[in-house]
Amino acid sequence: PEVVADQAEAEAGAENTKMMTALRTKQAIDAQVVPVPETRPNLLYNSGFQIDEEGNAGGISVNGAHVVECYRLGFSNGATQTLSQSSDTPSPNSKNSLKYLVNTADPSLSASESGRIFKQIEGGDMNGLHFGTSEAKSITFSFWVYGSVVGTYCAGVRNQDGSRSYVFEYTIDTANTWKKITKT
């Protein structure tokens, strides 16, 4: 008769002279699997702006085009603007940042016009936040800004169909300095 491995032997995986039942095999595999957290601490892929598969890190001025992996330029105005990868960063631990430059301003913006950087997050990556349910989790935005113009700016998040969104304001108090923005 065949000798069957016990649970400890199955999980250790060191014994190859004993047989494992289907149940013991499943238990051994389950014991080795590392659980995946429901939500990652940072939902943004490429938040260090290092991956540039499209080759546009030098700059792009096309509406909707990817600049570095996962980040796009968006605008609905008459200004000319460029989004590019930059080595100017707020910290020696950061390698890159995104640079949004208005080359020629639109002197008469209407309420429906904007210029923006946007990043799409896959729906599956958002599932753990349980938006739209009683178990919805809060999110925290944290990013660095550097602006040459003092003023009030906006950042936000919205779902794909635009039925849910959250916009908040932040202020650049001092021109030409890095400032960390955090909003929960």
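Look a little higher up for the structure.
Residues numbered from 1 in each chain as written. Predicted model: local features only at pLDDT ≥ 70, side-chain atom pairs only at ≥ 80, totals over all residues. Heavy atoms only, no water.

### Comments concerning the environment of Gln 120
As for its placement among the helices and strands, Gln 120 is situated in the loop between β4 (115-119) and α3 (123-126). Its relative accessible area of 43% is what places Gln 120 among the partly exposed residues. Distance from Gln 120 to Arg 158, taken between C-alpha atoms, is 9.6 Å for residues 38 residues apart in sequence. Ignoring sequence-local partners within four residues, the contact set of Gln 120 consists of Cys 70, Arg 72 and Gln 160. (Helix = DSSP H or I, 4+ residues; strand = E, 2+ residues; numbered from the N terminus. Buried < 20%, exposed > 50% of the residue type's maximum accessible area, 1.4 Å probe, protein only. Contact = heavy atoms within 4.5 Å.)

### Overview of the pattern of salt bridges
Should their charged atoms come close, side chains of opposite charge can pair. Under the definition given, this model contains 1 salt bridge. Here Asp 173 ties to Lys 179 by a salt bridge, and the two come within 2.9 Å at their closest N and O atoms. Residue class for Asp 173 comes out exposed when judged on its relative accessible area of 51%. (Salt bridge = Lys/Arg side-chain N within 4 Å of Asp/Glu carboxyl O.)

### Observations regarding the side chain of Ser 97
Summarising the element assignment, Ser 97 is placed in strand β3 (residues 97-104). Residue Ser 97 is classed as buried on the basis of its relative accessible area of 8%. A polar contact of 2.6 Å, which involves the side chain of Ser 97, links it to the backbone oxygen of Asp 88. (Polar contact = N/O pair within 3.5 Å; in protein donor to acceptor, adjacent residues only side chain to side chain.)

### Topic: unusual backbone geometry
Phi at Asn 176 takes a positive value of approximately 60°, unusual for a residue other than glycine. Mapped onto the fold, Asn 176 is located in the loop between β7 (165-172) and β8 (178-183).

### What about the side chain of Thr 89?
Tracing the sequence through the fold places Thr 89 in the loop between β2 (80-86) and β3. Overall, Thr 89 belongs to the buried group, its relative accessible area being 17%. Apart from the residues within four sequence positions on either side, Thr 89 is in contact with Ser 94, Lys 95, Asn 96, Ser 97 and Trp 178.

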